[in-house]
Amino acid sequence: MSIADLLDDWFESPQVKGALAVNGVIGTWAGPCEPGTAYVMAHHSIGDIGDGHLGNWGFQEGGMGAVADAISRAAREQGAIVRTGARVARVLLEGGRAVGVVLDNGDEIRAGVVVTSLHPQTAFLAHVGRENLPGDFVSDIEHWKTRSGVVKINLALAELPDFTADPGTNLAEHHTGSVEMAPSMGYIERAFQDAREGRAAARPFCDGVIPTAFDTTLCPEGTHIMSLFTQWVPADWSAEPHTEELQAYADRMIDCYNEVAPNFKSSILHTDIVGPYQMEHEYGLIGGNIFHGELSLEQLFHMRPAPGYADYRTPVPGLYYASSATHAGGGVCGIPGMQAARAAIADKKADAKAARRRRRARRP
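Just so you know, these numbers come straight off a predicted model, no measurement behind them. (Residues numbered from 1 in each chain as written. Predicted model: local features only at pLDDT ≥ 70, side-chain atom pairs only at ≥ 80, totals over all residues. Heavy atoms only, no water.)

Caption draft 1: Structural detail: the overall build of the protein. Helix and strand content of the protein: 10 helices and 10 strands. For 364 residues, the compact-globule estimate of 2.2 N^0.38 gives 21 Å, and the protein sits close to it at 23 Å. Projected onto its principal axes, the C-alpha positions of the protein cover 85 × 45 × 40 Å. Per-residue burial over the protein gives 43% buried out of 364 residues. (Helix = DSSP H or I, 4+ residues; strand = E, 2+ residues; numbered from the N terminus. Rg over C-alpha atoms; globule rule 2.2 N^0.38 Å. Buried < 20%, exposed > 50% of the residue type's maximum accessible area, 1.4 Å probe, protein only.)

Rendered as C-alpha cells:
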C-alpha cells in the first residue's frame with residue numbers, strides 16, 4: 001500500500017502524518033500516494049544500532065567516513081590489503097569464471113573469489129560485459145530502474161537554528177532529532193509532482209539532522225553542521241550538472257527553514273550541494289539513487305537485482321554480488337556484504353566437499 005493510505009489508517013494529525021511519511025519516500029522516486037511506499041517506510045524501520053531497540057538510528061562519531069575507516073581497519077587486522085585510487089576496468093574471466101580484476105592502469109589482481117558491491121549496471125554491463133552474461137539477465141539489468149531526484153545539501157552553521165516554536169540557539173533536545181521540512185503529506189506529494197512534471201520542487205521536502213549536536217569532532221567549537229537530505233528535482237538531472245538551477249533549489253530549501261528559524265539563513269558559513277549528477281559521476285550512484293536501484297514493488301525481495309539471482313550469486317561462477325541492489329536494499333546495514341560472504345563461503349565448502357567425493361570415487 002502507499003504510505004499515505006497506511007498513515008491515514010492510524011493518524012489524524014497532518015503534522016504527524018507529514019513527519020512519518022518521510023521514511024516512506026526517502027531516496028525514492030515516488031510520492032507518498034504511490035503504492036509500495038509503505039514498504040519503504042518499513043525498510044527504514046527494521047534495523048537497530050545494537051541497543052536492542054528496533055528502528056533506532058545513530059550518528060557515527062567522525063562522520064560516515066569513519067564507518068569505512070573502521071571496516072578497513074578490521075579487514076587489515078585480518079590480513080587484507082586495501083587499495084584506494086585503484087579503479088577497476090573489468091572483471092577478469094577465464095573459461096567463463098571470474099578469476100580477478102583488471103585495473104585501469106592495466107594491473108591484474110587475481111583471486112579465487114571476486115565480490116563486487118557496485119551499482120548493477122556498472123558491475124555487470126560495464127565490468128563483466130553483456131557478451132559474457134545470459135540475455136534475459138542482461139535485459140533485466142538494462143531495465144533496472146534507478147531514478148532519484150535527491151539533492152544533498154550540507155551546511156556549516158555559525159550557530160544552531162533558533163526555531164520560533166522553541167526559541168534559543170543553545171543546544172536543546174529538539175536540535176538532536178530529525179528536523180523535517182514536511183508539514184503534511186500534501187506538501188510532500190506536491191514536491192514530487194513538480195519533479196515528475198519536469199521541474200525542481202518549488203517547496204522541497206527535507207529530512208534534516210544536526211550531527212554536531214552529538215559529535216563535536218566534526219567542526220570547530222561553537223559551530224555546527226546541518227545535513228539536509230532533500231527531494232525532488234527531475235530524474236534526468238543526473239545527465240547534466242544543472243549548477244545554477246541546483247543553487248536556486250537549495251536557496252528555496254534554505255528559505256523554507258528560514259520561515260521557522262529566522263536566524264537560519266544568516267548563520268550559514270558554507271554550503272555544499274550534491275545533486276544527482278554529482279552522485280552519479282563522483283560516487284558511482286547511477287541516476288543518483290542511494291539504494292543502487294529503486295525500492296519499488298518489482299525490484300524487491302526475489303527480484304533484486306533480477307529473478308533467479310537474488311541469492312548474492314551471479315551468472316558468472318566465482319563472482320558474488322554485495323551491493324544495495326540486492327535484498328535487503330540500501331542503508332548502512334551491512335546485510336548485502338554479509339550475505340554475499342556467506343554465499344561465497346558456503347560454495348567454497350560445497351566445492352571442497354565435492355572434490356573429496358570425487359577423490360574417493362577414484363580410489364581403487
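Caption draft 2: Just the pattern of salt bridges, in detail. For the structure shown, the criterion picks out 16 salt bridges. With a shortest N-O distance of 3.3 Å, Glu197 and Arg190 are connected by a salt bridge. The partly exposed category is assigned to Glu197, whose relative accessible area is 47%. For Asp311, the salt bridge is made with Arg313, and the minimal N-O distance between the two is 3.3 Å. Of the residues examined, Arg313 reaches a relative accessible area of 27% and is grouped as partly exposed. A single network of salt bridges, built from pairs that share partners, joins Arg190, Asp194, Glu197 and Arg199. (Salt bridge = Lys/Arg side-chain N within 4 Å of Asp/Glu carboxyl O.)

Caption draft 3: Representation of helix H5 (residues 120–129). Counting buried residues in H5 gives eight out of 10 residues, a clear majority hidden from the surface. Of the residues making up H5, those classed as buried are Pro120, Gln121, Ala123, Phe124, Leu125, His127, Val128 and Gly129.

Caption draft 4: Summary view of the packing of aromatic side chains. Evaluated as defined, the whole model comprises nine aromatic pairs. Seen from their ring centres, Phe124 and Tyr321 are 4.9 Å apart, and the 55 degrees between their planes marks the pair as tilted. With Phe124 in helix H5 and Tyr321 in strand S10 (residues 319–321), the pair connects residues that are 197 residues apart, well separated along the chain. Here Phe124 falls in the buried class, since its relative accessible area comes to 1%. Classification of Tyr321 as buried rests on a relative accessible area of 2%. Ring centres of Tyr257 and Phe264 lie 5.5 Å apart, and the angle between their planes is 40 degrees; on these two criteria the pair is classed as tilted. The exposure class of Tyr257 is buried, given its relative accessible area of 1%. (Phe/Tyr/Trp six-rings, centres within 6.5 Å; stacked < 30°, edge-to-face > 60°.)

Caption draft 5: Just the packing of helix H1 (residues 3–10) against helix H2 (residues 14–25), in detail. Running from amino to carboxyl end, H1 crosses H2 at an angle of 145 degrees, the nearest separation of the two axes being 10 Å. Read as a crossing pair, H1 and H2 show a hand that is right-handed. Here Ile3, Leu7 and Asp8 of H1 come into contact with H2, specifically with Lys17, Leu20, Ala21 and Gly24. Looking at the contact of H1 with H2, its residues break down into four nonpolar, one polar and two charged. (Axes fitted to C-alpha atoms, helices over the stretch in contact; angles between N-to-C directions. Left-handed = near helix turned anticlockwise from the far one by under 90°. Contact = heavy atoms within 4.5 Å. Nonpolar A, V, L, I, M, F, W, Y, C, P; charged D, E, K, R; others polar.)

Caption draft 6: Main features of the sheet that holds strand S8 (residues 224–231). Pairing is antiparallel in the open sheet, where five strands are placed in the order S6-S7-S8-S5-S9. Single-partner strands in this sheet number two, and they are strand S6 (179–181) and strand S9 (268–274). Each strand axis lies, on average, 20 degrees off the axis of its neighbour in the sheet, ignoring direction. Judged from the eight bridges that link them, strand S5 (residues 150–157) and S8 form a sheet pairing that is antiparallel. If you follow Ile153 over to S8, its bridge partner there is Leu228. (Pairing = 2+ DSSP bridges.)

Caption draft 7: The arrangement of the nonpolar core in detail. Grouped together as the largest cluster of nonpolar side chains are 50 residues, with contacts concentrated most on Leu155, Ile188, Phe205, Met226, Trp232, Tyr257 and Phe264. Top contributing element to this core by residue count: helix H8 (residues 243–260), with seven residues. When neighbours within four sequence positions are excluded, Leu155 is seen to be in contact with His224, Ile225, Met226, Leu228, Ile254, Phe264, Ile268, His270 and Thr271. Ala98, Val101, Leu125 and Leu319 belong to the second-largest nonpolar core, a separate cluster that totals 19 residues. (Core = buried A, V, L, I, M, F, W, Y, C linked by side-chain atoms within 4.5 Å.)

Caption draft 8: Geometry of the packing of H5 against helix H6 (residues 135–142). Packing of H5 against H6 leaves a shortest axis separation of 10 Å and a crossing angle of 140 degrees. Our classification of the angle between H5 and H6 gives oblique. Crossing of H5 over H6 shows left-handed handedness. Contacts from Pro120, Gln121, Phe124 and Leu125 of H5 reach H6 at Phe137, Val138, Ile141 and Glu142. When the residues that make up the contact of H5 with H6 are grouped by side-chain class, the tally is six nonpolar, one polar and one charged. (Parallel < 35°, antiparallel > 145°, perpendicular 65-115°, else oblique.)

Caption draft 9: Seen up close, the state of the cysteines. On inspection of all chains with the given rule, the structure shows zero disulfides. Cys256 provides the cysteine sulfur closest to Cys206, a residue in no disulfide bond, and the two sulfurs are 9.2 Å apart. (Disulfide = S-S within 2.5 Å.)

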